[in-house]
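One letter stands for each residue in the lines below.
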Amino acid sequence: MIPPSLSFPGSIIWTIPGLSLEKSWNYWLRNWLWKVFVFRKLRFHSRGLLFAGILVFIIDSSMTSPSDIDFWASRYRDKSTPWDKGGPHPELLLRLSEGAPELSPPPGGRALVPGCGRGWDAIALAKSGWEVLAVDIVQELEKDLSPTLSQLGGEFRQGNALESQTDAFELIFDHTFFCALPPGNRADWGRMVKNCLAPGGFLVSIVFPVNRPLDEGGPPWRMTLDDVKASLEGFPLGFLECSPVRERSPERAWDEQWAVFRAPCL
Ligand SMILES: C[S@@+](CC[C@H](N)C(=O)[O-])C[C@H]1O[C@@H](n2cnc3c(N)ncnc32)[C@H](O)[C@@H]1O
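These numbers come from a predicted model, not from an experiment. (Residues numbered from 1 in each chain as written. Predicted model: local features only at pLDDT ≥ 70, side-chain atom pairs only at ≥ 80, totals over all residues.)

Topic: the overall build of the chain
Phase 1 of the analysis: Along its length, the chain carries eight helices and seven strands.
Phase 2 of the analysis: The 266 residues of the chain split such that 32% are buried.
Phase 3 of the analysis: Long-range contacts, defined as pairs at least 24 residues apart, comprise 71% of the intrachain contacts of the chain with a sequence gap of at least 6. (Helix = DSSP H or I, 4+ residues; strand = E, 2+ residues; numbered from the N terminus. Buried ≥ 20, exposed ≤ 12 C-beta atoms within 10 Å, placed from the backbone. Contact = placed C-beta atoms within 7 Å.)

Focus: the site of the ligand
Phase 1 of the analysis: Surrounding the ligand, one finds 19 residues, the nearest of these being Trp72, Gly115, Gly117, Ala161 and Ala180.
Phase 2 of the analysis: Classifying every residue of the shell around the ligand by side-chain character gives twelve nonpolar, five polar and two charged. (Near = placed C-beta within 6 Å. Nonpolar A, V, L, I, M, F, W, Y, C, P; charged D, E, K, R; others polar.)

Observations concerning the sheet that holds strand β2 (residues 131–136)
Phase 1 of the analysis: Taken together, the seven strands give an open sheet; going across it, the order is β3-β2-β1-β4-β5-β7-β6, and neighbouring strands pair in mixed fashion. Only two strands of the sheet have a single partner each, and these edge strands are β3 (155–158) and β6 (238–244). Looking at each pair of strands side by side, their axes are set apart by 15° on average, direction ignored.
Phase 2 of the analysis: As paired elements, β6 and strand β7 (residues 257–262) share six bridges and run antiparallel to each other. (Pairing = 2+ DSSP bridges. Axes fitted to C-alpha atoms, helices over the stretch in contact; angles between N-to-C directions.)

Notes on the pairing of β7
Phase 1 of the analysis: The sheet contact formed by strand β5 (residues 197–207) and β7 spans six bridges and is antiparallel. Bridge assignment links Ile206 to a residue of β7, and that residue is Trp258.

A short note on the confidence of the model for the chain
Phase 1 of the analysis: The share of residues in the chain with pLDDT of 70 or more is 75%, and the mean pLDDT across the chain is 81.
Phase 2 of the analysis: Per-element confidence in the chain is highest for helix α5 (residues 120–127), whose mean pLDDT is 98, and lowest for helix α1 (residues 25–42), whose mean pLDDT is 59.
Phase 3 of the analysis: Here residues 1–28 is a poorly scored stretch, pLDDT under 50, and it has 57 contacts once near neighbours within four places are set aside; other chains count.
Phase 4 of the analysis: The model gives residues 61–65 a pLDDT under 50, and that stretch makes four contacts with residues more than four places away or in other chains. (pLDDT = per-residue confidence, 0-100.)

In structure tokens, the structure reads:
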């Protein structure tokens, strides 16, 4: 069983003003129009402008906005999920079949799949003997994923995967979760890895997209191995490998890399 001490209390995501690339109209309404209004009202007073800036900063950073949940939920609702290839990542299957050390579960080994989406990777890991906790902010994913995963001894949990507070996992498998986070959340991602990885546990990060021109951005955010390393800076994680993916996801437009890190053994 997954330890009950694990909690993912927040289903609320902090928004980083202006950094999201693709948002629904109500995102812009909630996050920007009111700021334009405040600035228009106060722009003629120098103190007013300062006040408006402080006000926007305070409200924005203290506002618990559900807009990111709405954004992701609407993508699933609208079946607009180009990242979802309808199955586990082919490299995951290949490496599982090869018995890759990072994917070989120790007895009772637990795996965390943050931002699991429809859970294809989580299911593949559960079938290979991992006790899987799959986390996603989108509640609606539970109905399809939970029955399959629980039959395999795993669990789906709705919540903010960045808020987990445990070091209990021998594997964290990140597939297009890191690149789905606004860069401002990357330090939280690093903290989550540090808190969740058991001694000797592995972090697998699929780095994507690899050869996309930097000025083209995403999707939804640009990501490199250095970004992953920077997010983990200060944590004593060993970097083991970063190799081109041999089995690419069909139709995935850019190259991918398989990066492996390991927490120190006690
Ligand atoms: C690009 S999708 C990848 C989904 C899945 N890993 C896959 O490869 O099919 C990113 C996923 O992260 C989820 N997500 C985004 N922010 C999250 C957060 N803070 N906590 C948990 N899940 C999150 C989204 O709902 C979405 O399912």
